[in-house]
Amino acid sequence: MSTPAIGAIALRDGAMLPRTGFGVFLVAPADTAAAVAAALEAGYRAVDTAAAYRNELEVGEAVRASGLAREELFLTTKCFNTDHGFEEARRACHESLERLDVGYIDLYLIHWPVPAQDRYVETWRAFMALQDEGLVRSIGVSNFLPAHLERLVAETGEAPVVNQVELHPRFPQADLRRVHAALGIATTAWSPLARGALLDDPVIGAIAGEHGRSPAQVVLRWHRQLGNAVVVKSVTPARIRENLGVLDFELTGEQVEAISGLDTATRIGPDPETFYLPPQPH
Ligand code: NDP
């Protein structure tokens with residue numbers, strides 16, 4: 001459960017998804033425990049990692065060191081593209097559980113659909129079994145396009161409770177959000193700040209000036225007013241705190257529209273239809 005101030009979205013399975021989570025993509029393992037500790041100290045109660053980020057171990061360490069009760073925290077991790085398949089996904093989940101060492105996973109996501117592999121339905125069946133066994137509380141997906149979501153429902157009868165996707169003012173995903181609403185899927189935005197690329201945008205700057213807020217706070221508030229959850233990353237303690245400061249002001253409808261109007265239909269991340277990325281030697 002999230003702290004009341006952060007708020008939460010009620011998922012179809014009864015779980016509560018904190019509206020703001022702390023993301024640790026591209027946080028080096030050596031820096032992860034300190035970043036997660038700073039986030040928990042600032043008031044975050046949700047952490048978003050993935051097997052592919054190679055820092056689950058350090059996330060688990062920081063969580064255990066925090067002294068917070070397990071039920072107060074919401075931990076998300078993801079099954080990577082190389083682990084699609086019924087047995088493979090089950091093994092990957094057990095390995096994540098071992099690295100995290102926090103008892104259970106709150107939300108387990110299929111990281112990418114990898115349509116060329118054509119194994120995401122089988123992977124989803126493994127996720128349903130993992131949930132039945134109580135190893136993961138909620139099951140969802142990431143980077144799924146409408147056709148992938150509809151196929152899961154058609155072939156298994158069960159929609160994910162969450163789709164975590166690239167979403168920011170340059171790529172607001174209005175059509176996908178409509179599909180989510182129709183299927184009862186909560187939307188989580190990854191790279192909610194477009195990795196910082198739009199923070200010097202003059203439209204956002206002007207709105208930030210009107211509210212006496214930072215550009216990042218305005219963008220995160222825009223997400224909240226669209227109904228999204230976000231996972232936002234920073235290794236800078238002042239920014240980690242700043243990114244939670246979105247509760248005590250409200251954008252007007254016109255301001256929300258102006259920010260949505262920054263849509264350039266361009267992703268900063270990969271195309272889910274083709275992304276695979278084989279494991280890197282290291
Ligand atoms: P974000 O949009 O969260 O941007 C992070 C960048 O913005 C960092 O460079 C950070 O700098 C900077 N930043 C953060 N806060 C501020 C602020 N208040 N003012 C100015 N700059 C700021 O992008 P990410 O790509 O990191 O995405 C966030 C999370 O989403 C990831 O960590 C991961 O958990 C998830 N994700 C999921 C994916 C998926 O496929 N499911 C793919 C990509 C991301 P600094 O750290 O130096 O402070």
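Below or above, wherever it landed, is the structure these notes cover.

Thresholds applied
Residues numbered from 1 in each chain as written. Predicted model: local features only at pLDDT ≥ 70, side-chain atom pairs only at ≥ 80, totals over all residues. Heavy atoms only, no water. Salt bridge = Lys/Arg side-chain N within 4 Å of Asp/Glu carboxyl O. Helix = DSSP H or I, 4+ residues; strand = E, 2+ residues; numbered from the N terminus. Buried < 20%, exposed > 50% of the residue type's maximum accessible area, 1.4 Å probe, protein only. Pairing = 2+ DSSP bridges. Right-handed = clockwise from strand over helix to strand, strands pointing away. Polar contact = N/O pair within 3.5 Å; in protein donor to acceptor, adjacent residues only side chain to side chain. Contact = heavy atoms within 4.5 Å. Axes fitted to C-alpha atoms, helices over the stretch in contact; angles between N-to-C directions.

### Considering the pattern of salt bridges
- Counted by the stated rule, this structure contains 13 salt bridges.
- We note a salt bridge from Asp 48 to Lys 78, for which the minimum N-O separation is 2.7 Å. One end of the pair, Asp 48, is in strand β4 (residues 46–48); the other, Lys 78, is in strand β5 (residues 74–79), with 30 residues separating them in the sequence. For the pair Asp 48 and Lys 78, one class covers both residues: buried.

### Here's the deal with the pairing of strand β8 (residues 162–166)
- Of all five residues in β8, five are buried, a share of seventy percent or more.
- In terms of strand pairing, strand β7 (residues 136–142) meets β8 through two bridges, oriented parallel. Looking across to β8, one finds that Ser 142 is bridged to Gln 164.
- This β-α-β element, β7 to helix α5 (residues 146–156) to β8, shows right-handed connectivity.
- When β8 meets strand β9 (residues 186–190), the two strands line up parallel, connected through five bridges. Along β9, the bridge assignment pairs Gln 164 with Thr 188.
- The handedness of the β8 to β9 crossover, carried by helix α6 (residues 174–183), is right-handed.

### Some thoughts on the side chain of Ser 191
- Its location among the elements puts Ser 191 in the loop between β9 and α7 (202–211).
- Reaching out from Ser 191, the side chain makes a polar contact with the side chain of Arg 195 at a distance of 3.4 Å.
- Excluding its chain neighbours within four sequence positions, the residues that come into contact with Ser 191 are Leu 167, His 168, Val 231 and Ile 268.

### Considerations on the sheet that holds β7
- Sheet architecture is closed into a barrel: eight strands sit in the order β3-β4-β5-β6-β7-β8-β9-β10, paired in parallel fashion. Averaged over all adjacent pairs, the angle separating strand axes in this sheet is 30°, with direction ignored.
- Contacts between helix α3 (residues 86–100) and the sheet are confined to β5, β6 (105–110) and β7, with β6 contributing the most and set at about 140° to the helix.

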